[in-house]
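# Coordinates in review
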Amino acid sequence: MNLEKVIFGFFIVLAATLNFGFFIGDIDNPAHHDIYELFAAIVVSLIATVLKFGDRTQIGAVHLSTSLVADLQLIAAAMVWGYAAHISAAGLTPEMTAKVVSLSGGALLANGISVIILIAETIMQRR
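Below you will find a few notes about this structure. Being a predicted model, the structure only gives us computed values, none of them experimental.

### Examining the overall build of the chain
The number of helices and strands found in the chain is 4 helices and 0 strands. Mapped in sequence order, the helices and strands of the chain form the string α-α-α-α. Each principal axis of the C-alpha atoms in the chain carries an extent, and together these give about 60 × 25 × 20 Å. If you take every contact in the chain between residues at least 6 apart in sequence, the share linking residues at least 24 apart comes to 69%. Surface exposure of the chain reaches about 7600 Å², of which carbon and sulfur atoms provide 70%. Distance between charge centroids for the chain: 17 Å, based on 6 positive and 9 negative side chains.

As C-alpha cells, this is what we get:
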C-alpha cells in the first residue's frame, strides 16, 4: 500500500464530504449551514490542492484545476458569508444564505469531479 496515495485520496474525499455536509439542508436557512463546517471545507480543500501540485501528468493537471475551482468557490462563499454577517446592515438573510450555499454547490460539483477522476485513475492503474 502506498501511504502517499492513501493520504492523497483521504484529503480529496474529506474535502468532498465536508463540502457536502455544509451544502445539505434548506438552501435559504442559515441554521442548516454551519460556518465552522465551511471553514473546515476550505482548509481541507486547500490541503488537497497543495497535495496535487506535485503531479506532472495530464490527470494531475485536471485534479489541480478541479481543486482550484473548489477553492475559489469556497473562498467566495466565505467572503459572501463574512460580508452578510459583519458588514451588511441586513445581516445574514435567506437570500445571502442561498448565495453562500450556491457557491458551495459549485465547489461540491468540482470536488465530485475530482473524486470521479480519482476513482477512474485508481481503476486504470495496473499492479
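### A word on helix H2 (residues 35–52)
With 18 residues, H2 extends 26 Å from end C-alpha to end C-alpha; this agrees with the ideal 26 Å at 1.5 Å per step. Buried within H2 are the following residues: Leu38, Ala41, Ile42, Val44, Ser45, Ala48, Thr49 and Lys52. Of the surrounding elements, those touching the buried residues of H2 are helix H1 (3–23), helix H3 (58–87) and helix H4 (94–124).

### Describing the environment of glycine 9
For glycine 9, the position within the fold is in helix H1. Between the alpha carbons of glycine 9 and leucine 51 there is a distance of 9.9 Å; along the sequence they are 42 residues apart.

### Here's the deal with a nonpolar patch on the surface
On the surface, Met1, Leu3, Val6, Ile7, Phe39, Val43, Ile47 and Leu51 cluster together into a nonpolar patch covering about 800 Å² of accessible area. Those elements that place two or more of their residues in the nonpolar patch are H1 and H2. Here the nonpolar patch takes 4 residues from H2, the largest share from any one element. Tracing the sequence through the fold places phenylalanine 39 in helix H2. The exposed category is assigned to phenylalanine 39, whose relative accessible area is 55%.

### A word on H3
Across its 30 residues, H3 extends 42 Å between first and last C-alpha, which sits within 8% of the 44 Å expected from 1.5 Å per residue. What H3 keeps buried is the set Gly60, His63, Leu64, Thr66, Ser67, Ala70, Asp71, Leu74, Ala77, Trp81 and Ala84.

### Let's talk about the packing of aromatic side chains
For the coordinates displayed, the defined rule picks out 2 aromatic pairs. Ring geometry for phenylalanine 10 against phenylalanine 11: centres 5.2 Å apart, planes inclined by 80 degrees, an arrangement best described as edge-to-face. With a centroid separation of 6.1 Å and an interplanar angle of 50 degrees, the aromatic rings of phenylalanine 22 and tryptophan 81 are classed as tilted. Taken together, the residues span a long stretch of sequence, with phenylalanine 22 in helix H1 and tryptophan 81 in helix H3 at a distance of 59 residues. The pair phenylalanine 22 / tryptophan 81 is uniform in exposure class, with both members buried.

### Looking at the nonpolar core
Within the largest apolar cluster, 16 residues are counted, with the highest numbers of intra-cluster contacts made by Phe22, Leu38, Val44, Leu74 and Val100. The set of elements that each furnish at least two residues to this core consists of H1, H2, H3 and H4. Ranked by residue count, the leading element in this core is H2, at 5 residues. With residues up to four places along the chain from it excluded, the contact list for leucine 38 reads Phe22, Leu74, Ala77, Ala78 and Val100. Phe8, Ala16, Val115 and Leu118 belong to the second-largest nonpolar core, a separate cluster that totals 5 residues.

Rules used throughout
Residues numbered from 1 in each chain as written. Predicted model: local features only at pLDDT ≥ 70, side-chain atom pairs only at ≥ 80, totals over all residues. Heavy atoms only, no water. Helix = DSSP H or I, 4+ residues; strand = E, 2+ residues; numbered from the N terminus. Contact = heavy atoms within 4.5 Å. Areas by Shrake-Rupley, 256 points an atom, 1.4 Å probe, with all protein chains shown as cover. Lys, Arg positive; Asp, Glu negative; His and termini not counted. Charge placed at Lys NZ, Arg CZ, Asp CG, Glu CD. Expected span 1.5 Å × (residues − 1). Buried < 20%, exposed > 50% of the residue type's maximum accessible area, 1.4 Å probe, protein only. Patch = residues over 30% accessible without salt bridge, like charges linked within 9 Å, V, L, I, M, F, W, Y side chains within 5 Å. Salt bridge = Lys/Arg side-chain N within 4 Å of Asp/Glu carboxyl O. Phe/Tyr/Trp six-rings, centres within 6.5 Å; stacked < 30°, edge-to-face > 60°. Core = buried A, V, L, I, M, F, W, Y, C linked by side-chain atoms within 4.5 Å.

Purely geometric numbers; function is a separate question.
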